[in-house]
Amino acid sequence: MASIMPLISTLIKLISSITQHDIIMVVTVVSGLFYLLLYKRKVSIYLLDFTCYRPPDSLRVPMSMYLEHLMHDGFDPDAISFQAKILARSGLSQETCIPPCLRELPITKSLSFSKEEAATVMFSAVTDLLEKNKINPRSIDILITNSSVYSPTPSLCAMVIKEFRMRSNILSFNLSGMGCTASLVSIGLAKDLLKVHRNSLALIVSSESLSQNWYTGKNHSMLIANCLFRMGGAAILLSSKEQDKKIAKYQLQHVIRISRAQDDQSYACIFQDEDSEEKTGISISKSILNVAGEALKANMASLGPLVLPFSEQFRYGLSFVCKKTGLLGRRKTYTPNFKRVFEHFCVHPGGRAVLLAIQKGLKLTEDEMEASKMTLHRFGNTSSSSIWYELSYTETKGRMKRGNRVWQIGLGGGFKSNSAVWKCLHTIEPEKGNAWSDRIDSYPVDIPDIVEID
């Protein structure tokens, strides 16, 4: 007992000597350690689910009907002839859809029609997604909408918040002018926000408005958009909640963003402007294949070190050095084999020529390009939402297995080339009631080089 007394006395003196400053220091250190252990850990981003808008069959626009419609609306004969040539080689089917206002005579463009189109697409996709996953709209923490050419006031975000009575403190962001790759821009933004706002849900709504920017003039470069773009949209649900890993479809691996707007040719490649008759349209330059190719190369150069095995990186690096030193002569620099790391490819279906150029550049097979080509055939170019129709096609075919990795490639005005890499967390069974389920057994189909239009 006597031996313990000096220890107790020393302890009492130590406690009595502790000041308020010492207590604050201890609390600060403990809090810092708690922060490092709990909040500095890597945050995983999960894709819980997504839905794509399927227009009703009543909005189908067969090519012959489309051309007849233009003739009755007073289009210039040369403009009609040019569009007929584009459609015949476009890779689109007779089942693509346009908004109701563009099916009427005369074609009338107005803000009210654009708002109606946006509301129909967005609300349908979001309703399907929330009901399918039994998500209360008020549980959404982050909302991101994107539409390149339609940016009303109040914003598209405000329209969604009002329709679904979301919380007043929701973080909402509306992206415009980002082109056909805007959905992947939204994924990147959502990823950054979810890493800061942990244990949150993010809803992304990707759409495009055709009605307000339908071109009625004679400029050939502006008429191309009329032939390729069609009605569509998608809603995507992301989460940073670790417990959601059990129910999530995919985990986000990488997001790559490339912008070549500093290059004059790239900047002007896809451009909204007025023609000589002051009619607004979006021109698509003949240089688009070269511009897209250069942007995709830059994208691959950024993505490659993150995903490719060392052997592929070494072969590319050696080839690049040899090319610069002239040892390769006229031979091209080695293109890395991305098929070694990806089982599925979702390439933006900007047009048949774009898909064929990317297929050749990446040395992809017909099977690997199937989802992209069939999406262009069935739905046309639905802008930023197209890559989600492609992912839906792959799922509905029953091809998405646990551990598979998906490479989504977006291309759009600016010029931009963006990528998202996803890892499938469990084998996905085909679902009923999605954008593809009604006709999936009819695909794939043979797409002729030229379609005869009656």
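Remember, predicted model here, so these are calculated numbers, not experimental data. Just so you know, the residues in each chain are numbered from 1, in the order the chain's sequence is written. Restriction of local features to residues with pLDDT of at least 70 applies here, the model being predicted, together with a cutoff of 80 or more for giving and counting side-chain atom pairs; totals for whole chains, interfaces and linings are based on all residues. Think of the side-chain values as coming from all heavy atoms in the structure, minus any hydrogens and water.

Considerations on the environment of asparagine 404
Move 1: Each helix is a run of DSSP H or I of at least 4 residues and each strand a run of E of at least 2, with the numbering of both proceeding from the N terminus. Relative to the helices and strands, asparagine 404 resides in the loop between helix H14 (386-396) and strand S10 (405-412).
Move 2: Along the backbone, asparagine 404 and phenylalanine 342 are 62 residues apart, and their C-alpha atoms lie at a distance of 7.1 Å.
Move 3: A distance of 3.0 Å separates polar atoms of two side chains, one belonging to asparagine 404 and the other to histidine 344. N or O atoms within 3.5 Å of each other form a polar contact, as long as, within protein, one can give a hydrogen and the other can take it, and as long as residues adjacent in sequence are counted only when both atoms are side-chain atoms.

Digging into the sheet that holds strand S1 (residues 46-52)
To summarise the sheet geometry, strands pair through backbone hydrogen bonds and adopt either a parallel or an antiparallel arrangement.
Move 1: With respect to topology, 9 strands assemble into an open sheet ordered S3-S2-S4-S5-S1-S6-S11-S10-S9, the strand pairing being mixed. Of all the strands in the sheet, the pair left with one neighbour each is strand S3 (171-175) and strand S9 (344-347). Shown here is a sheet whose adjacent strand axes are inclined to one another by a mean of 20°, direction ignored.
Move 2: Strands are labelled as partners when DSSP assigns at least two bridges between them. Alignment of S1 against strand S5 (residues 233-239), held across 6 bridges, turns out to be antiparallel. Bridge pairing links phenylalanine 50 to isoleucine 236 in S5.
Move 3: Any two residues having at least one pair of non-hydrogen atoms within 4.5 Å are treated as being in contact. Axis angles are defined between N-to-C directions and span 0 to 180 degrees, where every axis is a line fitted to C-alpha atoms and, for a helix, only to the segment in contact. Of the strands in this sheet, strand S6 (250-259), S10 and strand S11 (416-424) are in contact with helix H10 (residues 288-307), which crosses S6 at around 135°.

Quick notes on the packing of aromatic side chains
Aromatic ring pairs are defined here through the distance separating the ring centres and the angle between the ring planes.
Move 1: Under the pairing criterion, centres of Phe, Tyr and Trp rings, with the six-membered ring standing for Trp, must be within 6.5 Å; the plane angle then separates stacked pairs below 30 degrees from edge-to-face pairs above 60, leaving the rest tilted. In the structure shown here, the tally under the stated rule is 15 aromatic pairs.
Move 2: Both rings, one in phenylalanine 342 and one in phenylalanine 345, keep their centres 6.2 Å apart while their planes meet at 80°; by these two values the pair is edge-to-face. Exposure class is identical for phenylalanine 342 and phenylalanine 345. Each is buried.
Move 3: For the pair tyrosine 393 and tryptophan 436, a centre-to-centre distance of 4.8 Å together with 75° between the ring planes defines the contact as edge-to-face. Pair noted here: tyrosine 393 is in helix H14 and tryptophan 436 is in the segment after S11, with a separation of 43 residues, a long-range link. Only protein chains enter the accessibility calculation, which uses a 1.4 Å probe; a residue is then buried when its area is under 20% of its type maximum, exposed when over 50%, and partly exposed in between.

Describing the pattern of salt bridges
Move 1: Throughout this description, the term salt bridge denotes a Lys or Arg side-chain nitrogen within 4 Å of a carboxyl oxygen of Asp or Glu. Applying the stated rule across the entire model yields 21 salt bridges.
Move 2: One salt bridge connects lysine 132 with glutamate 431, and the closest N-O pair in it is separated by 2.5 Å. You can see lysine 132 sitting in helix H5 (residues 111-132) and its partner glutamate 431 sitting in the segment after S11, a full 299 residues away along the chain.
Move 3: Residue classification places glutamate 431 among the partly exposed positions, given a relative accessible area of 23%.
Move 4: Arginine 399 serves as the salt-bridge partner of glutamate 370, at 3.0 Å between the closest nitrogen and oxygen. Placement of the pair is glutamate 370 in helix H13 (residues 366-379) and arginine 399 in the loop between H14 and S10, with a sequence separation of 29 residues.
Move 5: What makes glutamate 370 buried here is its relative accessible area of 7%.

Quick look at H10
Move 1: Given a helix with a known number of residues, its expected span is that number minus one, times 1.5 Å. Across its 20 residues, H10 extends 27 Å between first and last C-alpha, which sits within 8% of the 28 Å expected from 1.5 Å per residue.
Move 2: Bending is quantified residue by residue as the angle between axes fitted to the seven-residue window ending at that residue and the seven-residue window starting at it. When the local axis directions of H10 are compared, the greatest deviation, roughly 25°, occurs at alanine 301, which is followed within four positions by the proline proline 305.
Move 3: Along H10, the residues classified as buried are Ile288, Val291, Ala292, Ala295, Leu296, Asn299, Met300, Leu303, Gly304 and Val307.

Considerations on helix H7 (residues 182-196)
Move 1: An ideal rise of 1.5 Å per residue puts 21 Å on 15 residues; H7 measures up with 21 Å between its terminal C-alpha atoms.
Move 2: Taken together, the buried positions of H7 are occupied by Ala182, Ser183, Leu184, Val185, Ser186, Ile187, Gly188, Ala190, Leu193 and Leu194.

Notes on the pairing of S9
The side chains of a regular strand alternate, first on one face of the sheet and then on the other.
Move 1: Because side chains alternate across S9, one face comprises the buried residues His344 and Cys346, and the other comprises Phe345 and Val347, equally buried.
Move 2: Direction of pairing for S9 relative to S10: parallel, over a ladder of 4 bridges. Bridge pairing in S10 places histidine 344 opposite valine 406.

Thoughts on the confidence of the model for the chain
Move 1: As a per-residue measure, pLDDT reflects the predictor's confidence and takes values from 0 up to 100. For the chain, the average pLDDT comes to 90, and 89% of its residues sit at 70 or higher.
Move 2: Between residues 32-39, whose pLDDT stays under 50, and residues either more than four places distant or in other chains, the model counts 5 contacts.

Some remarks on the pairing of S6
Move 1: The pairing of S1 with S6 spans 2 bridges and is antiparallel. Pairing of tyrosine 46 across the sheet is with glutamine 251, part of S6.
Move 2: Two strands pair when backbone bridges link them, and S6 and S11 are joined in this way by 9 bridges, in the antiparallel orientation. For glutamine 251, the partnering residue across the bridge sits in S11 and is lysine 423.

Comments concerning a nonpolar patch on the surface
Move 1: On the surface, a cluster of nonpolar side chains totalling about 370 Å² of accessible area is made up of Phe310, Phe314 and Leu318.
Move 2: Turning to its location among the elements, phenylalanine 314 is positioned in helix H11 (residues 310-325). Patch membership requires over 30% relative accessible area and the absence of a salt bridge. Like charges are linked within 9 Å, and nonpolar side chains (Val, Leu, Ile, Met, Phe, Trp, Tyr) within 5 Å. Only the protein chains shown count as covering a residue, and every accessible area follows the Shrake-Rupley method with a 1.4 Å probe.

Notes on the nonpolar core
Move 1: Here, nonpolar core means buried Ala, Val, Leu, Ile, Met, Phe, Trp, Tyr and Cys residues that are tied together by side-chain atoms lying within 4.5 Å of each other. Residues Tyr66, Leu303, Phe338, Phe342, Leu362, Trp407 and Phe415 are the most contacted members of the largest nonpolar core, which totals 57 residues.
Move 2: For this core, the element with the highest residue contribution is H10, accounting for 8 residues.
Move 3: With sequence-adjacent residues up to four places away left out, tyrosine 66 is seen in contact with Val61, Gln83, Leu87, Trp214, Asn226, Cys227 and Arg230.
Move 4: Judged by nonpolar contacts, the second largest core, of 46 residues, contains Phe50, Leu59, Leu184 and Cys424.

Considerations on the side chain of asparagine 146
Move 1: Mapped onto the secondary structure, asparagine 146 falls in strand S2 (residues 142-146).
Move 2: A polar atom in the side chain of asparagine 146 sits 3.1 Å from the side chain of serine 186.
Move 3: Ignoring sequence-local partners within four residues, the contact set of asparagine 146 consists of Leu175, Ala182, Ser183, Ser186, Ile204, Val205, Ser206, Ser207 and Ser384.

Side note on the environment of isoleucine 284
Move 1: Relative to the helices and strands, isoleucine 284 is located in strand S8 (residues 280-284).
Move 2: Note: C-alpha distance between isoleucine 284 and glutamine 272 (12 residues apart in sequence) is 9.1 Å.
Move 3: Sequence-distant contacts of isoleucine 284, defined by excluding residues within four places in its chain, comprise Ser221, Ile224, Ala225 and Cys269.

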